[in-house]
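# A structural walkthrough
Now for the letters of each chain:
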Amino acid sequence: MHPIIFFSKMDFSQSNLFGYIEDLQELTIIERPVRRSLKTPEEIERLTVDEELSDIERAVYLLSSGQDIQGTSVVANLPALMRQNPAETLRRVLPKIREVLHVAGVEMQLTAAVSFLTVLQEESVSIHTYSHSFLHIILQNLEHRDAGVSNAWLETLLAVIEALPKETIRHEILNPLVSKAQLSQTLQSRLVSCKIMGKLANKFEAHIIKREILPLVKSLCQDVEYEVRTCMCRQLEHIAKGVGTELTKTVVLPELVELARDEGSSVRLAAFETLVNLLDMFDADDRSQTVLPLVKSFCEKSFKADESILVSLSFHLGKLCNGLYGIFTPEQHLRFLDFYKKLSTLGLQQENGHNDNQLQLQTLEQEKKYISVRKNCAYNFPAMIVFVDPKNFHLELYSIFFCLCHDPEVPVRYTMAISFYEVAKLLNSGVYTIHKELVTLLQDESLEVLDALVGHLPEILELMTNGGENSGSESKLLSIPDLIPALTTAEQRAATSLKWRTHEKLLQKYACLPHIIPSDQIYYRFLHRMLTIILTNNVLPVQKAAARTLCVYLRYNRKQEQRHEVIQKLIEQLGQGKSYWNRLRFLDTCEFIMELFSKSFFCKYFFLPVLELTHDPVANVRMKLCYLLPKVKSTLKIPTDKHLLQQLELCIRKLLCQEKDKDVLTIVKRTVLELDRMEISVDAFQKRFYENDLLDQEKERQEHLLLEMEQLEKEKQQNEGRSTNINDKMFEKKRRDSKTSSVLAKSITLSVPGSSSSTSAGKEDKKSKLVRSQSFSTQALHPKYSNIDKCPNKSSATGYTSSVSGMGKSCMLSFSDDSFRAHSTGNSGNVAFPSSCSSRNLFNSADQKNNGNKESQSRKMSMCLWLLYGCFRVKGGLWLPVIARTSFWSHFIYLLSQRSERPQQQEKEHKMFGNRGPLHRTVSAHHSYFFPSPYKVI
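Below or above, wherever it landed, is the structure these notes cover. All figures in this text were calculated on a predicted structure; none of them were measured in a lab.

The rules behind each value
- Residues numbered from 1 in each chain as written.
- Predicted model: local features only at pLDDT ≥ 70, side-chain atom pairs only at ≥ 80, totals over all residues.
- Heavy atoms only, no water.
- Helix = DSSP H or I, 4+ residues; strand = E, 2+ residues; numbered from the N terminus.
- Contact = heavy atoms within 4.5 Å.
- Areas by Shrake-Rupley, 256 points an atom, 1.4 Å probe, with all protein chains shown as cover.
- Buried < 20%, exposed > 50% of the residue type's maximum accessible area, 1.4 Å probe, protein only.
- Salt bridge = Lys/Arg side-chain N within 4 Å of Asp/Glu carboxyl O.
- Phe/Tyr/Trp six-rings, centres within 6.5 Å; stacked < 30°, edge-to-face > 60°.
- Axes fitted to C-alpha atoms, helices over the stretch in contact; angles between N-to-C directions.
- Parallel < 35°, antiparallel > 145°, perpendicular 65-115°, else oblique.
- Left-handed = near helix turned anticlockwise from the far one by under 90°.
- Nonpolar A, V, L, I, M, F, W, Y, C, P; charged D, E, K, R; others polar.
- Expected span 1.5 Å × (residues − 1).
- Arc of directions from axis to C-beta.
- Polar contact = N/O pair within 3.5 Å; in protein donor to acceptor, adjacent residues only side chain to side chain.
- Core = buried A, V, L, I, M, F, W, Y, C linked by side-chain atoms within 4.5 Å.

What follows covers the overall build of the protein. A count of helices and strands for the protein gives 50 helices and four strands. The long-range fraction of contacts in the protein, counting pairs at least 24 apart against all pairs at least 6 apart in sequence, stands at 71%. When the accessible surface of the protein is summed, it comes to about 50,100 Å², and 52% of that surface belongs to carbon and sulfur atoms.

Structure below.
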C-alpha cells in the first residue's frame, strides 16, 4: 500500500490524476454485509414480555430472565415502583436487584447507585425502612473493583449518613469502619474509610470522635501509600471542625505540620490547602509560630524545587494574606506583596524582554500552568486590595491591575472582567483611576470577556460616574467621551458575532445609560441604533431587548421634539411597516410602553395605532393583537377615555363579524369574554385599583416633570438673551440722559454697575434653581429613589416666578438719601421696598426743607421714577408678579406698566387707589410730574 502524499498545491494534470485514482482504489474499504434487521427473530422473542403482567411482575421477570439492558431499565425505574407500590417493591423487586448487582456490569451499578439515592431524597419510605433494606446493599458495593462504581456508591452512602440516626451509624458504619481502615485492607478500602471518617466527624460528639475516630485518623495519616495520606489530609478540615479548637491545636495541627513536610508533592499540597482553610481555628501564637513559617517555606520552594504547589498557592494567596494580616511585620507584608506581583506576571518575562535567555523555553505544560497562576492572581485581586488598603491601590497595585487587564490570555482577562465590579466597589472614591481599564475590557476582542463584564455593567457605570467624594462632576465629564465610543463598539462587535445571547444581555444592560449619560448623547448615539436593531436583526430575543431599551431611552428623554420624532418613527416604520414581522415587533414595543409609561401617555400616542392593526392582512398580527387587547383596555380611564373605549368596542365588533381565520376568531371570542369580565378604572382612586393607580400617578408625575424641566431650560435660555437686551437698553438710556442733563447726572447717582451685578446674581439664582430641579429629576427618575412624593411638583408658573425674582434683584436705584434705597433679600429673591410710614416721613421732610425749590425736586423725583420704570418694564409688565409682594410699590409699578397699554382704565385704577394713606396723597401732590399729559391721574 502506497502512502498518500499531500502537496501544498494540488496538481490535477492527466499524469498525476490517474495516480490519485489508483491510490484511492487501493484504499477501498471492504464493507461487511449489512444486516437487513437489527434483531433476529430469536432475539425478538427473548425480548418480548407478556403485556398482561403488572409492573411488579414485569420487573421481577426482566431481572430474572431478561437481558442486561432490560435489567438496567428496571433498576432505573425503581423510584417509580417505590412510589406506586413500596411494599411489593421491597418484598419482590429489591431482593432480585440485590442478586443481580453481584454480577452486574458498570452501567447497571451506576444506575443502581443513582436510583437508591433518588429513593432516599423522595422519602418514599421511612429512614428506618431504608436503612434496613437499602443500606446493606450500598455497603456491599462500596469496594467494587471499578473506581468509578466505588465512588458512585460512596457518594450515595455519604448522602445517606446525613439522614441516618446516630445509633444506626454507630452499629452499621462506624464499627465495621475500624476493621476496614487497617493497613491489611486494600487501598480502595482505606481510601473509602478516610472519606467516611470525614463525614462522621460532624455526626458525633467530641469525646466520641477523640476515643473512636482520632486513632484511626492518625493511623491513616501515616499510611504507607501517599494516596491514603493525601485523602486523609483533606479530611482533617472536617475532623477539626468536629473536635473543636483545643483538640485541633493538640492533635490535628501536629499531623498537618508533619504532612506538610511529606515526601509526596500531592500530600504537601493537601496539607497546605487544609492549613489555609483552618486559619480561623488557629490563635495568633499558632499562626505566627507554626503556620507562618510553613507558608514561607512553601513560597520559597514554589519557584525552585516544588512548582507543583504553585497553582494552589496562587489560588489561596488572597485568603492566606488576609488571614495572617494581623501577625505580619512591615517587611513580611511587603514580601508577600512582592510575591503576589511576581506571580501576576509569571510567564510574561520572556515576552516583555526580562528573560535575557537565562531561562529555557517554556514547554506547553508550563505555559498552561503559568496561565492558571495568573488567572488565580486575577481571582485574588480584590482580596489583595483589602490587603494593601484601597488608599494605596494606585501606588502598589495599579501596575498589576493594568497588566492583568491587558494579559495576552483570554482566561486571565475573563477573570478580571468578572472581578471588576468588586474592585470598583472596594476603590470607592478612587474608582476613577481604573476608568481606562474599563474601556479596555469593553473593547476586548474576546466576547467572553465582554460577556463577563456586562453582568455588572450598570453598577460599574454608576460607580464610575457617581461613586466617591473625589469623582465629582469633572471626572464624569471626562469619563463620558471615552465611555460612549467603547459602549458603541462593544455593541457593534456583539451584533456582528454569532453569540446572540451576549448581544441580548448587552442590550438589556444598556437600559441603565439614561442615569449615566446625557439625554442628547443617548438620542444621537444609542436610541437610533436600538431602532435599527429592531428593524434589521433576525433574532427575536435581541429585537425584544432592543425594543425595551429603546422604550427606556424614550422614557427618560428630556426633549419633547425628540420624543415625538421617535414615536412617529415607531408608528410609521413598525406599526405601519411593510413587513408583518415589524408590525409584530410594534405590538411588543407597545407592551413595553404600557409597562414603563403612564396610561395617559399610551392612550395619547399608541392607542389608535394599535387598534388599526385589527385590519392587518396577516392573521398572526391580528392574533397577537387579540392577546394584547386586555392590556390595552386596562389603560383606559372613564370618563376621560370614553371615546377610546367606543373605538375599542367598534374594532372588536368588526373582528367578530368580519374575521375569517378560524384560529383568530377563536382567540377573539375568548378575548371578548375576558374583556367583559374586566372593570375599567375611573379617574378617581378606587380601593381595588389603588396600588396600580398610585403607580400610574407616579409615572404621570415624572412625565410632567420632564416637560417642566424642558420648559425651565427654554426659559433659562430666553431669559439670558432677554437680560442681555435689558442691559443694552439701560446703557443706552443712561448715555442719552447724561447728554441732556449734566446737572441731574451729578445730583442723582444711578447704580448701573449694581444693576448688572444684581442681574448676574439673578442669573445665578435662576441657574441654581434649575440645577436643583435637574438634580430632583435625576432622583425622581432613578429607580433607586422611590420618595418622589417628598419633592414638590413644580409648575411652569413657578419657574416663571423664579426668573422674575432674579430679575427683580437687578433693578435697584441709589439715591443720596440712604432711606430711599431698595433692598433685595438673598433667600427668597423678593425685593423689599420701604414701608409706607418711612416713605411718608421721607417725602414730608423733603417738602419742609425744599419749599423754595419744589419744582426742581419734583423733576428729580420724576426722573428717578421714570428710570425705575425703565428698569422694571420689559414687555407689558413682565416682572410684576415679584414686585407685587409689597403694598405701595406693587400698585405704583402696576400703574406705570399700564400707562402705555390700557389708558382707558386710569379712572378705575384711581378709584381703586383712592384711600391708600399718606403716601398716596404725596404721590397725588406730584401727579403732574409722575404722569405727564395726556395720562394724568385725576
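Once that is clear, we can look at helix α27 (residues 447–454). Most of α27 sits out of view: six of its eight residues are buried. L447, V449, L450, A452, L453 and V454 are the residues of α27 that are buried.

All told, the structure shown has 29 salt bridges when counted by the stated rule. One salt bridge connects E595 with R548, and the closest N-O pair in it is separated by 2.7 Å. Of the two residues, E595 sits in helix α34 (residues 580–596) while R548 sits in helix α32 (residues 540–555), which places them 47 residues apart along the sequence. Across the pair R653 and E649 runs a salt bridge whose closest N-O atoms are separated by 3.9 Å. In this pair, R653 and E649 are both assigned in helix α38 (residues 642–658), four residues apart and thus about one turn of the helix distant. Overlapping salt bridges bring together R170, R211 and E212 as one network.

What follows covers the packing of aromatic side chains. Note on aromatic pairs: each is described by the distance of the centres and the angle between the planes. Inspection of every chain in the model, using the stated rule, returns 22 aromatic pairs. Summarising the aromatic geometry, the rings of Y510 and F526 are spaced 6.0 Å apart at their centres and angled 85° between planes, so their arrangement reads as edge-to-face. You can see Y510 sitting in the loop between α30 (500–509) and α31 (519–536) and its partner F526 sitting in helix α31, a full 16 residues away along the chain. Judged on exposure class, the residue Y510 and its partner F526 are both buried. Judged by centre distance (5.0 Å) and plane angle (80°), the ring pair of Y523 and Y524 falls under edge-to-face. Through successive ring pairs, a cluster of aromatic residues spans F586, F597, F601, F602, Y605, F606 and F607.

In the contact formed by helix α14 (residues 226–243) and helix α15 (residues 245–260), the axes pass within 9 Å of each other and the chain directions differ by 165°. Judged by the angle between their axes, α14 and α15 are roughly antiparallel. Our pair here, α14 against α15, has a crossing hand that is left-handed. When α14 is examined against α15, the residues R229, C233, L236, A240 and V243 are found in contact with a partner set consisting of T245, L247, T248, V252, E255, L256 and L259. Across the contact of α14 with α15, the residue classes break down as eight nonpolar, two polar and two charged.

As a further point, take helix α19 (residues 330–344). Over its 15 residues, α19 extends 21 Å from the first C-alpha to the last, a length consistent with the 21 Å expected when each residue adds 1.5 Å. Of all the residues in α19, the buried ones are Q332, F336, L337, F339, Y340, L343 and S344. For α19, the buried positions fall inside an angular range of 155° around the axis, keeping them on one side. Exposed and oriented more than 90 degrees from the buried face of α19 are P330 and E331. Those residues of α19 that are buried lie in contact with α17 (284–304), α18 (310–323), α21 (364–379), α22 (381–388), α23 (393–396) and α24 (398–405).

Checked against the element boundaries, R374 lands in helix α21. Among the polar contacts listed, one links the side chain of R374 to the backbone oxygen of L346, at a separation of 2.7 Å.

Residues I196, L200, F381, I434, Y510, L513 and F606 are the most contacted members of the largest nonpolar core, which totals 222 residues. The element that contributes the greatest number of residues to this core is α32, accounting for nine residues.

Residues I638 and P639 are joined by a peptide bond in cis, for which omega reads 5°. Even without being glycine, E123 reaches a positive phi, approximately 55°. Positionally, E123 belongs in the loop between α7 (106–122) and α8 (127–133). In this structure, N428 is a non-glycine residue whose phi angle is positive, near 55°. Residue placement: N428 occurs in the loop between α25 (410–427) and α26 (435–442).

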